[in-house]
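# Examination of the molecular architecture
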Amino acid sequence: QNGLATFNFDIKTQEIVNGVIGANYNISYYLSQADAEVPNAPLPINYYNTTPTPSAIFVRIEDLDSGCIAFLSFNIRVTPKPIANDVSLVQCDEDGIPEGFTTFNINEAFDAITGDEIGTAVSYYLSQIDAENQIDAIDGNSFDNFFNPQLIYTRVTNTATGCINFSEVFLEVSTTSSNSASLQ
């Protein structure tokens, strides 16, 4: 959330040589055009920016067969993760059998999870690993808990950037029951 991150320039190198069969290039990355031209102070392939983005990166492309040199530039940008708050849902067990199981509409917690952030999607999972891998999502509109309490994991996605974040939803069923009583 501070505009700093690690960038893998090997991905950009693959984009640059994409489709060039037998390319024999030396590709290096710099913080200024002047450094790229000299070359001076190349950046590591796994670069951690030290100032918040956006930042310009300058590329030096040397054809090792012909000796030709070319330059290009691109911007790096760190996009913040979406808000993903941990929340609790407590619901009464109203089926007449106080065993601690009921049906939850987990989507009721959407605004609390996302902090009312627009442009987000939330999906729900039974494990953090499932949330990270987007497998076996559960229905947030109608989920029957099978533990009481039960922990559900969320995957919050910014629909514009594709950035993700995770949180937890704590489900609890209140099993308090009351006998029929009359007041006089």
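Everything that follows concerns the structure shown earlier in this document.
These remarks concern the structure in this document. Remember, predicted model here, so these are calculated numbers, not experimental data.

### Notes on the pairing of strand β8 (residues 120-125)
Where burial is concerned, most of β8 is hidden: 5 out of the 6 residues are buried. Pairing of β8 with strand β10 (residues 150-158), which is carried by 6 bridges, proceeds in the antiparallel orientation. Across the sheet, residue Val122 finds its bridge partner in β10, namely Val156.

### Thoughts on the sheet that holds strand β6 (residues 87-92)
In space, the 4 strands of this open sheet follow the order β6-β11-β10-β8, with mixed pairing throughout. Unpaired on one side and paired on the other, β6 and β8 mark the two borders of the sheet. Between one strand axis and the next, the sheet turns by 30 degrees as a mean value, whatever way the strands run.

### So, the packing of aromatic side chains
Under the defined criterion, the tally for this structure stands at 6 aromatic pairs. On the numbers, 6.2 Å between centres and 65 degrees between planes, the contact of Phe143 with Phe146 is edge-to-face. A relative accessible area of 8% places Phe143 in the buried class. Note on Phe146 and Phe147: the rings are 5.1 Å apart at their centroids and 55 degrees apart in plane angle, and the pair reads as tilted.

### Side note on the sheet that holds strand β4 (residues 55-63)
Strand order in this open sheet of 3 strands is β2-β4-β5, and the pairing throughout is antiparallel. For this open sheet the edge positions go to β2 (25-30) and β5 (69-76), each flanked by a neighbour on one side alone. Adjacent strand axes in the sheet meet at a mean angle of 25 degrees when their direction is disregarded. The pairing of β2 with β4 spans 6 bridges and is classified as antiparallel. Within the sheet, the bridge partner assigned to Asn26 lies in β4 and is Glu62.

### Description of the environment of Ser55
Structurally, the position occupied by Ser55 is in strand β4. Here Ser55 falls in the buried class, since its relative accessible area comes to 15%. For the pair Ser55 and Val169, spaced 114 residues apart in the sequence, the C-alpha separation amounts to 37 Å. When neighbours within four sequence positions are excluded, Ser55 is seen to be in contact with Phe74, Asn75 and Ile76.

### Observations regarding unusual backbone geometry
Among all residues save glycine, negative phi is the norm, and among peptide bonds the norm is trans. In this structure, Pro39 follows Val38 across a cis peptide bond, with omega equal to -15 degrees. Of note, Pro39 is situated in the loop between α2 (33-37) and β3 (46-48). The amide bond that connects Asn148 to the next residue, Pro149, takes the cis arrangement and shows omega of 0 degrees. Tracing the sequence through the fold places Pro149 in the loop between β9 (143-144) and β10. Here the phi dihedral of Asp116 falls at roughly 60 degrees; this positive angle occurs in a residue that is not glycine. Overall, the relative accessible area of 53% leaves Asp116 in the exposed class.

What counts, and at which threshold
- Residues numbered from 1 in each chain as written.
- Predicted model: local features only at pLDDT ≥ 70, side-chain atom pairs only at ≥ 80, totals over all residues.
- Heavy atoms only, no water.
- Buried < 20%, exposed > 50% of the residue type's maximum accessible area, 1.4 Å probe, protein only.
- Helix = DSSP H or I, 4+ residues; strand = E, 2+ residues; numbered from the N terminus.
- Pairing = 2+ DSSP bridges.
- Axes fitted to C-alpha atoms, helices over the stretch in contact; angles between N-to-C directions.
- Phe/Tyr/Trp six-rings, centres within 6.5 Å; stacked < 30°, edge-to-face > 60°.
- Contact = heavy atoms within 4.5 Å.

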